[in-house]
Amino acid sequence: MLQQIELSDTEILLAFAASCVEGTARRLGVPYKEVYDRMKRVGMIENYIIPYYDVLHTMSREHVIDDMLECLKTWEEKQ
């Protein structure tokens, strides 16, 4: 019999944030570390992805990645 593993809310949020970073990196054709560093620099993970998880996780993966790219570009231009 298989035992089901339950994830905490924090683990779910972090997994979603990681998938946003990885998906964006894949779309850009760059290493995930580069995208993570860029998102971290502008505060996108803690000020956008995590606070708006409830809305973002309802979108299609393609739409989320489009949104991540647009947001990253906009936030970087403001700095």
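Residues numbered from 1 in each chain as written. Predicted model: local features only at pLDDT ≥ 70, side-chain atom pairs only at ≥ 80, totals over all residues. Heavy atoms only, no water.

Quick one: what's the story with a nonpolar patch on the surface, residue by residue and with numbers?
A contiguous nonpolar patch, built from Ile5, Leu7 and Ile12 and spanning about 310 Å² of accessible area, is present on the exposed surface. Topologically, Ile12 is positioned in helix H1 (residues 9-28). (Patch = residues over 30% accessible without salt bridge, like charges linked within 9 Å, V, L, I, M, F, W, Y side chains within 5 Å. Areas by Shrake-Rupley, 256 points an atom, 1.4 Å probe, with all protein chains shown as cover. Salt bridge = Lys/Arg side-chain N within 4 Å of Asp/Glu carboxyl O. Helix = DSSP H or I, 4+ residues; strand = E, 2+ residues; numbered from the N terminus.)

So what about the packing of aromatic side chains? Which residues, and what values?
Going through the model one piece at a time under the given rule, you end up with three aromatic pairs. Consider the rings of Tyr48 and Tyr52, whose centres lie 5.6 Å apart with planes at 45°: the pair is tilted. For Tyr48, a relative accessible area of 16% translates into the label buried. Centre to centre, the rings of Tyr48 and Trp75 are 6.1 Å apart; their planes meet at 65°, and the pair counts as edge-to-face. In this pair, Tyr48 sits in helix H3 (residues 44-49) while Trp75 sits in helix H5 (residues 61-78), placing the two residues 27 residues apart along the sequence. A relative accessible area of 23% means that Trp75 is categorised as partly exposed. An aromatic cluster of three or more residues is present, and its members are Tyr48, Tyr52 and Trp75. (Phe/Tyr/Trp six-rings, centres within 6.5 Å; stacked < 30°, edge-to-face > 60°. Buried < 20%, exposed > 50% of the residue type's maximum accessible area, 1.4 Å probe, protein only.)

Any chance you could break down the side chain of Ser19 for me, citing the residues and the numbers?
By secondary structure assignment, the location of Ser19 is in helix H1. Accessibility expressed as a relative area gives 17% for Ser19, which makes it buried. Once you skip the residues sitting within four places of it in the chain, Ser19 turns out to touch Arg61 and Ile65. (Contact = heavy atoms within 4.5 Å.)

Any details on the environment of Gly43? Residues and values, ideally.
Along the polypeptide, Gly43 turns up in the loop between helix H2 (32-42) and H3. It is 16 Å that separates the C-alpha atoms of Gly43 and Phe16, two residues lying 27 residues apart in sequence. Beyond its immediate stretch of four places on either side in the chain, Gly43 contacts Tyr48 and Trp75.

Quick one: what's the story with the state of the cysteines, residue by residue and with numbers?
Taken as a whole, this structure holds zero disulfides when the rule is applied. Unpaired in this structure, Cys20 has its nearest cysteine sulfur neighbour in Cys71, at a distance of 10 Å. Residue classification places Cys20 among the buried positions, given a relative accessible area of 1%. (Disulfide = S-S within 2.5 Å.)

So what's going on with the nonpolar core? Which residues, and what values?
With 18 residues, the main nonpolar core has Phe16, Met39, Met44, Tyr48, Ile49 and Met68 as its most contacted residues. Contributing elements (two or more residues each) for this core: H1, H2, H3, helix H4 (53-56) and H5. Element by element, the count of residues in this core is highest for H1, at five residues. When residues no more than four places from it in sequence are discounted, the contact partners of Ile49 are Phe16, Ala17, Cys20, Met39, Met44, Leu56 and Met68. (Core = buried A, V, L, I, M, F, W, Y, C linked by side-chain atoms within 4.5 Å.)

Limitation: the analysis is restricted to geometry and does not speak to function.
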